[in-house]
Amino acid sequence: MVRQAKKASSARNSSNSSDHSEKMDMDTSNGYHCPNGDTLQELQDCANRMRITSIEITAAANSGHPTSSCSAAEIVSTLFFHEMRYDPSNPRDPSSDRFVLSKGHASPILYAAWLETGHLTKSQVMTLRKIDSDIEGHPTPRLDFVDIATGSLGQGLSSAAGMAYVGKYIDKASYRVYCLIGDGESAEGAVWEAAAFASTYKLDNLVAVFDVNRLGQSQATPLGHDVQTYQKRLEAFGFHAIIVDGHDVAALLKAFHVAKTVSEKPVAIIAKTLKGKGIEGVEDQDNWHGKPVPLEKIKAIEQRIKNKGTIALKPQPPIYDAPKVDLKLGHIKLSEGPNYKVGDKVATRLAYGTALVKIGKGSDRVIALDGDTKNSTFSDKFLKEFPDRFIECFIAEQNLVGVAVGAATRHRTIPFCSTFAAFFTRAADQLRVAAISFANIKCAGSHVGVSIGEDGPSQMALEDLALFRSIPDSTVFYPTDAVSCERAVEFAANIQGLVFIRTGRPALPVIYKNDEHFEIGKAKVVRQSDSDKIVLVGAGVTLYEALKAADILAKEGINAAVVDLFTIKPIDKETLVKQAQRVGGKVLTVEDHYPAGGLGEAVASALGDTPNVLVRSLAVTGVPRSGECDALLEMFGISANCIVKAVHQFL
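Residues numbered from 1 in each chain as written. Predicted model: local features only at pLDDT ≥ 70, side-chain atom pairs only at ≥ 80, totals over all residues. Heavy atoms only, no water.

### Re helix H15 (residues 397–408)
Part 1: Taking 1.5 Å of rise per residue, 12 residues should cover 16 Å, and H15 covers 17 Å from first to last C-alpha, within 8% of that figure.
Part 2: Burial analysis of H15 places 11 of its 12 residues in the buried class, the great majority of the element.
Part 3: Considered for burial, the residues of H15 that qualify are Glu 397, Asn 399, Leu 400, Val 401, Gly 402, Val 403, Ala 404, Val 405, Gly 406, Ala 407 and Ala 408.
Part 4: Considering only its buried residues, H15 is in contact with helix H7 (156–170), helix H8 (189–200), strand E9 (366–370), strand E11 (414–420), helix H16 (421–424) and helix H17 (428–436).
Part 5: Of the residues flanking the end of H15, it is Arg 410, one or two places downstream, whose phi is positive at about 55°. (Helix = DSSP H or I, 4+ residues; strand = E, 2+ residues; numbered from the N terminus. Expected span 1.5 Å × (residues − 1). Buried < 20%, exposed > 50% of the residue type's maximum accessible area, 1.4 Å probe, protein only. Contact = heavy atoms within 4.5 Å.)

Take a look at the structure:
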């Protein structure tokens, strides 16, 4: 649904680049005020200085992408020193405009721009690509002027759209978002997922600049300099698309001016450029991608710089109208505790939706995103309660994650994004880069494992734990019942970083009392006796199967302890070691997941240094099929009967 946004942008549109005090010439045909010749020359000189810096720092590093930087020099010059409003001394000011360098390999031009602002020193940028420097080969948020990591191409526009969405509909502020995209990366489908999203939500505070320099890494791009086709494609996706000469400062300034006059549409500026522009013998030539160029090439560029003295160019200050936000991580609570009866059958996916609403009441900066599965993940509960804080991303999971990453930047929101857990694997690269971005996003994946039943293997998440466990600094919850699921959601809202909550489709009995105490990284021993011979470890549906198996074994005179992990990462090594040693070292794990990277491997790793402990695992092997839940658990070896047989073999 399309939101109604406060017209904060009106203040911005009246305070455009004409705020500069220089004399203006006027193009009376469209009302555009063109800066005078001195300003245009300064912007061109700035572009050439940044070219020189890009060449110098990549030569010093003996690697990097000076040619990809040089094609964007005028674009970056006009953006940073005439168009964007920001505070160079406080790059992440909430009211400042955002700049996303989607073509992250062109990082030298970004570093050169911040050198021009005075925020970086020459000695700092000369450390490009050194192991002890944050001036990395591709930008990351280790730098205070970078919001998201880029370099895995095609992802920048999604995050920029997330920033713009928050700016227009949640912050209702004047800041604008600019995303510089390479023509090569526009082959990525994620770019077009983001484009569709941006037009659906009428993000008129978003400007996508396509640097069409014709050349990719190994050959020319599919469209070369056919900028008209780019224009038609972007217009078809709902953009107002403008073609410009990307090396013409005046034309760029006019295009940015026009962008501010467009209402209810995102804008695309299609800049026709030359790779390596300004470098003699290199400009528009193949086989120079990712290679430093000889330093003597600088001399010709230096001769084009007219102003050698003090530079008058300064960025415009922000319009300080972004609301103050205090997320108070560690203090966000469920508005009320879980309210279930032991034995009630409740799916954890339903409990997720219930808890999401409670967290939303606890913080007005919690937002929810979904990929057209909201009536299955139950995030539609949040939509009904907080329609202005729900973002429908439709069936475009890469964009779903990218938008969430952008929405979380500058601590503006805490995004919870949900879909079937299997479909998060489509966004594996976005999740990987989210970790590099230190993104504060929460992912809830439902319909996990063969227990979903008749829908069949394409819908069954059997790789999701492996994916999310492998992400650095991630937290992975696998709650078994409704009570533990609500607490997992509460914990997730208070953790800085990427969190995954694995929820199930079947409605299964509540096993914990409403006041049960949970901790991150602490398992629950749900069954034990002094005569236990083995420890059964499970989570979700397999925890119930383990309890059933323990009942069967008890009738046979074999007592088994049962452990509910709750968090797969971090895992409760202390409890696992204690229980394993208590029963003589025999541990059997059971999981509704493939063996690789799942619960069993997590437990085996945790117990790997413990002497005289043997871990065996039951997991789904082979490609599953459609069928009833119980029949599938039996067929794929993770039912209570299969656990009993495995225990007999073990003992």
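### Digging into the UniProt feature "domain: Transketolase-like pyrimidine-binding" (unreviewed entry) in the chain
Part 1: The UniProt entry lists residues 346–510 under the feature "domain: Transketolase-like pyrimidine-binding" (unreviewed entry), expressed in the numbering used here.
Part 2: Helix makes up 42% of residues 346–510 and strand 19%, and the two end C-alpha atoms of the span are 7 Å apart. (UniProt positions renumbered as here; feature names shortened; annotations may be inferred.)

### A short note on the sheet that holds strand E5 (residues 206–212)
Part 1: Strand order in the open sheet formed by five strands is E3-E4-E5-E7-E6, with parallel pairing between adjacent strands. Two strands lie at the open edges of the sheet, namely strand E3 (98–101) and strand E6 (240–245), each paired on one side alone. When strand polarity is set aside, the average angle formed by the axes of neighbouring strands in this sheet is 20°.
Part 2: Its contacts with the sheet put helix H4 (residues 73–83) on E3, strand E4 (177–182), E5 and strand E7 (267–272), and the angle it makes with E4 is roughly 175°.
Part 3: Packing against the sheet, helix H10 (residues 249–261) makes contact with E4, E5, E6 and E7, and its axis sits at approximately 170° to E6. (Pairing = 2+ DSSP bridges. Axes fitted to C-alpha atoms, helices over the stretch in contact; angles between N-to-C directions.)

### Things to note about the pattern of salt bridges
Part 1: A complete count under the given rule lists 24 salt bridges for this structure.
Part 2: The partner of Asp 171 in a salt bridge is Arg 412, with the nearest N and O atoms 2.9 Å apart. Taken together, the residues span a long stretch of sequence, with Asp 171 in the loop between H7 and E4 and Arg 412 in the loop between H15 and E11 at a distance of 241 residues. For the pair shown, Asp 171 and Arg 412 are each scored as buried. (Salt bridge = Lys/Arg side-chain N within 4 Å of Asp/Glu carboxyl O.)

### A closer look at the packing of aromatic side chains
Part 1: Counted by the stated rule, this structure contains 22 aromatic pairs.
Part 2: For the pair Phe 382 and Phe 386, a centre-to-centre distance of 4.9 Å together with 50° between the ring planes defines the contact as tilted.
Part 3: Stacked on the ring of Phe 386, the Lys or Arg Arg 389 has its end atom at 4.2 Å from the ring centre.
Part 4: Lying over the aromatic face of Phe 518, Lys 524 brings its terminal NZ or CZ to 5.0 Å of the ring centre. (Phe/Tyr/Trp six-rings, centres within 6.5 Å; stacked < 30°, edge-to-face > 60°. Lys NZ or Arg CZ within 6 Å of the ring centre and 35° of its normal.)

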